[in-house]
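So you can see what is in the structure, the chains are spelled out below.
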Amino acid sequence: MIATSVAATAALAAPLAFGAVPAYAASGDDWLHVSGNKIVDQSGKEVWLTGTNWFGFNASERVFHGLWSANINTITKSMADRGINTVRVPISTQLLLEWKAGTFLKPNVNTYANPELEGKNSLQIFDYWLTLCEKYGIKVFLDVHSAEADNAGHVYPVWWKGSVTTEDVYAGWEWVAERYKNNDTMVGADLKNEPHGTQGSTERAKWDGSTDKDNFKHFAETAARKILAINPNWLIFVEGIEVYPKPGVPWTSTGLTDYYGTWWGGNLRGVRDFPIDLGANQDQLVYSPHDYGPLVFEQKWFQGEWDRTTLERDVWDPNWLYLHKENTAPLLIGEWGGFMDGGRNEKWMVAIRDLIVDRRLSHTFWVLNPNSGDTGGLLNYDWTTWDEPKYALLKPSLWQDGGKFVGLDHAVPLGGVGSTTGKSVSDVGGQTGDTTAPSVPANLAAGTATTTSIPLTWSASTDAGSGVAGYQVYLGSTLVGSTTSTSLTVTGLVADTAYQFSVRAKDVAGNVSAASTAVTARTAAGTGTDTVAPSVPTGLEAGTGSTTSIPLRWTASTDNSGGSGVAGYDVYRAGTLVGSTTTPSFTATGLSAGTSYVFTVVAKDIAGNRSAASSALTAYTAPDVSTGSCAVTYTANSWSTGFTGAVRITNTGTSPLAGWSLAFTYANGQQVTQGWSATWSQTGSTVTATGVAWNSTLAPGASTEIGFNGTHSGTNTAPTAFTVNGASCTVK
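The sections below set out a description of the structure shown in this document.

The rules behind the values
Residues numbered from 1 in each chain as written. Predicted model: local features only at pLDDT ≥ 70, side-chain atom pairs only at ≥ 80, totals over all residues. Heavy atoms only, no water. Helix = DSSP H or I, 4+ residues; strand = E, 2+ residues; numbered from the N terminus. Rg over C-alpha atoms; globule rule 2.2 N^0.38 Å. Buried < 20%, exposed > 50% of the residue type's maximum accessible area, 1.4 Å probe, protein only. Contact = heavy atoms within 4.5 Å. Lys, Arg positive; Asp, Glu negative; His and termini not counted. Charge placed at Lys NZ, Arg CZ, Asp CG, Glu CD. Phe/Tyr/Trp six-rings, centres within 6.5 Å; stacked < 30°, edge-to-face > 60°. Pairing = 2+ DSSP bridges. Disulfide = S-S within 2.5 Å. Expected span 1.5 Å × (residues − 1). Polar contact = N/O pair within 3.5 Å; in protein donor to acceptor, adjacent residues only side chain to side chain.

Attention now goes to the overall build of the chain. For the chain, the count of helices and strands is 10 helices and 42 strands. For the chain, whose C-alpha radius of gyration is 27 Å, the value lies close to the compact-globule estimate of 27 Å for 732 residues. With the C-alpha coordinates aligned to their principal axes, the bounding extent of the chain is approximately 85 × 65 × 60 Å. Relative to its 732 residues, the chain shows a buried fraction of 55%. At a minimum sequence separation of 6, the contacts of the chain that also span at least 24 residues come to 72%. Averaging the positions of the 46 positive and the 63 negative side-chain charges in the chain gives two centres separated by 1 Å.

Given below as structure tokens:
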């Protein structure tokens, strides 16, 4: 699809002239290096990369998503003000090759919202954004997310695809390393996003000592050495793969139980046997696993009872955390994040967030974009306001000192000159001399217990050195939770049972206090002996919504045969309880038109036991669309019996347009053969295109451009009428 689109465009327009390499004011004092399991600046001071991802340059739009409605300066300043000191930017090898050749496709940018980007191509927009990052103290690294410029390109398991070869990947990295070698706003390269593939796959990434085409270790070493020969100051981020053979099993095996498996990009077991070797530049190597929660995929370790302790023991330690614990190399968790479901996914997010804080692991949260279908984003669909509950969860894992966020620039505070929320890394003392633990937490007390949980509170500790980073809660000698606040509810307990808890404080330098005075508390007896929760509600779906309400229904839960019976259900919207019902249906009301909402459902029984949350459902209210509140621009480029078409849809109304469906009719028997950036269908002469996850909501004034290939029989008259959700649009 993408290759066809690019070829058609190239045939119609000569390549644009390639501009000179931009000059940068950066002095080069912000380059980062590695010491043991820490990332340090040039003086050896430990730094903490705490950021997010912003995708779009990797996709067919070839520019950050969101610029179709929001301003690039506003978004960038907002990130800096809220403590994002690093941005991982997904790109494609195809885009790098286009930039290298000086051939540019028109980016999808709303120039009314972004007048400063008027007339700029995608490379010029990227360079302009780098100047904003320099202005606001943000550091950047690139991530080759896929070979081709494709919204779903990351699904392909390896780093080559179609006409894009491994040599092309090397060439793309060499070009971009040369272009930005004097710009210390750009600090590194994530060589390839999520190489993966399982046993028996036709193409898959492996990790061993060979020079085989599909050996990701060999590819990573080769690409890294080529980059570092040009700029030896870049950090090199190397992700994991998906599977790794158990001892004695060859890579040729197709046995289902012969491999250790985990998330795409998350399996770094091979490093123990075959470590990455960068020679004289070994001090630039950072390993970068990805990890996700049960709403992305119901991995086997999410079945049954689990918590941070089991995740660390069974998943994180053997796959990648051992590299940090054994002081082999630093880690940067390149992707983690998800929906705030008020249940299991949120439980996982808190667990990995607390691991990040306790270990001071660098990370880039997935994602800034609200249009990430299986995780959502930090921004809401207006691309301006923030998802405050999600940001509140993330905030403790952002580098802070003395109540301000810390940037990685030695001259510019995070947020820019005059910032009231940020400071420069130069204003932070090193932690190497801090060997004094925080004060012991006092006044540990238990609140009102349920049959399965006990809430705990305590008084805050103090630390005169690097500052208190958080607290660790122990059940006996077992760590059962971590938190940055002075309270925690311990769950998964047994009714009518006594438990003894203690708390330890930890500072930023890693010093841990002695344990608090222990407190003993007993869970509630409940009604009878029922301690088993009902089954998790399944089949959550939405009916046809109005502009202010969405009807929900799901499959009824069951309770264990000896239990007390299902008493009802609690319905959550974005983690907040919005209603309860005794039947497996509920109508959420008081909503806004044309808006997406995330729902989950929890079942409860008469004894008070509660199930885990259902899988999250994203549903939309009906848009408040009236005639004249949408505008359409249609263009087509024809040849013999084929053509490429593009439709630009603009929301000219005053409220968001969500879940849009475009319809138009052809008069000459034209047929759509394939399309992109929308779901396309055709019945007779009528063509319908429906928005996909990343563009299905258009804020007022926002636009999206969708395209397709088609055939004609010699006459290709353009449609004259278009509707969106049944309402007529203005044709421009």
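Attention shifts here to the side chain of Asn-53. Along the chain, the position of Asn-53 falls in strand 4 (residues 50–53). Residue classification places Asn-53 among the buried residues on the basis of a relative accessible area of 0%. When residues no more than four places from it in sequence are discounted, the contact partners of Asn-53 are Arg-88, Gly-334, Glu-335, Thr-364, Phe-365, Trp-366, Val-367, Leu-368 and Asn-369.

So, on to the environment of Ile-706. Of note, Ile-706 is situated in strand 39 (residues 703–711). Along the backbone, Ile-706 and Glu-61 are 645 residues apart, and their C-alpha atoms lie at a distance of 9.6 Å. Beyond its immediate chain neighbours, meaning those up to four positions away, Ile-706 contacts Gly-645, Ala-646, Val-647, Ile-649, Trp-660, Leu-662, Trp-676, Ser-677, Ala-678, Trp-680, Ala-689 and Asn-695.

Attention shifts here to the environment of Gln-299. Within the secondary structure, Gln-299 sits in the loop between strand 11 (285–287) and helix 8 (308–325). Sequence separation between Gln-299 and Glu-167 is 132 residues, and the spatial gap between their C-alpha atoms is 35 Å. Those residues in contact with Gln-299, other than ones at most four positions away along the chain, are Thr-262 and Trp-263.

This part is about the packing of aromatic side chains. Summed over all chains, the structure comprises 40 aromatic pairs. With a centroid separation of 6.0 Å and an interplanar angle of 80°, the aromatic rings of Tyr-244 and Trp-251 are classed as edge-to-face. There is no split in this pair, since Tyr-244 and Trp-251 are both buried. Arranged with centres 5.4 Å apart and planes meeting at 90°, the rings of Phe-664 and Tyr-666 form a pair that is edge-to-face. A residue is classified by how much of its surface remains accessible, and Tyr-666, at 4% relative accessible area, is buried. Cluster of aromatic residues (ring-pair linked, three or more members): Trp-54, Phe-57, Phe-64, Trp-99, Phe-126, Trp-129, Trp-175 and Tyr-180.

A few words on the sheet that holds strand 2 (residues 38–40). With antiparallel pairing, 3 strands are arranged side by side in an open sheet as 1-2-3. Unpaired on one side and paired on the other, strand 1 (33–35) and strand 3 (46–47) mark the two borders of the sheet.

Bringing the sheet that holds strand 39 into the picture now. Here we have 5 strands laid out as an open sheet, ordered 35-39-32-31-42, and mixed in their pairing. At either margin of the open sheet sits one strand with a lone partner, and together these are strand 35 (671–676) and strand 42 (730–731). Sheet topology places strand 31 (residues 630–639) next to strand 32 (residues 642–651); 10 bridges connect them, and they run antiparallel. Opposite Thr-633, over in strand 32, you have Arg-648 as the bridge partner.

What follows covers the state of the cysteines. What makes a disulfide is a covalent bond joining the sulfur atoms belonging to two cysteines. By the definition in use, this model includes 1 disulfide. Between Cys-630 and Cys-729 runs a disulfide, and the two sulfur atoms are separated by 2.0 Å. Handedness of the Cys-630-Cys-729 disulfide follows from its S-S torsion of about -95°: it is left-handed. Within this pair, whereas Cys-630 is found in strand 31, its partner Cys-729 is found in the loop between strand 41 (727–728) and strand 42, the two being separated by 99 residues in sequence. By the burial criterion, Cys-630 is buried, and Cys-729 matches it.

So, about helix 4 (residues 122–136). Between its terminal C-alpha atoms helix 4 stretches 21 Å, which fits the 21 Å expected from 15 residues at 1.5 Å a residue. Residues Ser-122, Leu-123, Ile-125, Phe-126, Asp-127, Trp-129, Leu-130, Leu-132, Cys-133 and Tyr-136 constitute the buried set of helix 4. Taken together, the buried residues of helix 4 touch helix 2 (72–81), strand 5 (86–92), helix 3 (93–101), strand 6 (139–146), helix 5 (166–179) and strand 7 (186–190). Of the residues flanking the start of helix 4, the one acting as N-cap is Asn-121, its side-chain oxygen 3.1 Å from the backbone nitrogen of Leu-123. In the stretch just after helix 4, Gly-137 is the one whose phi turns positive, near 80°.

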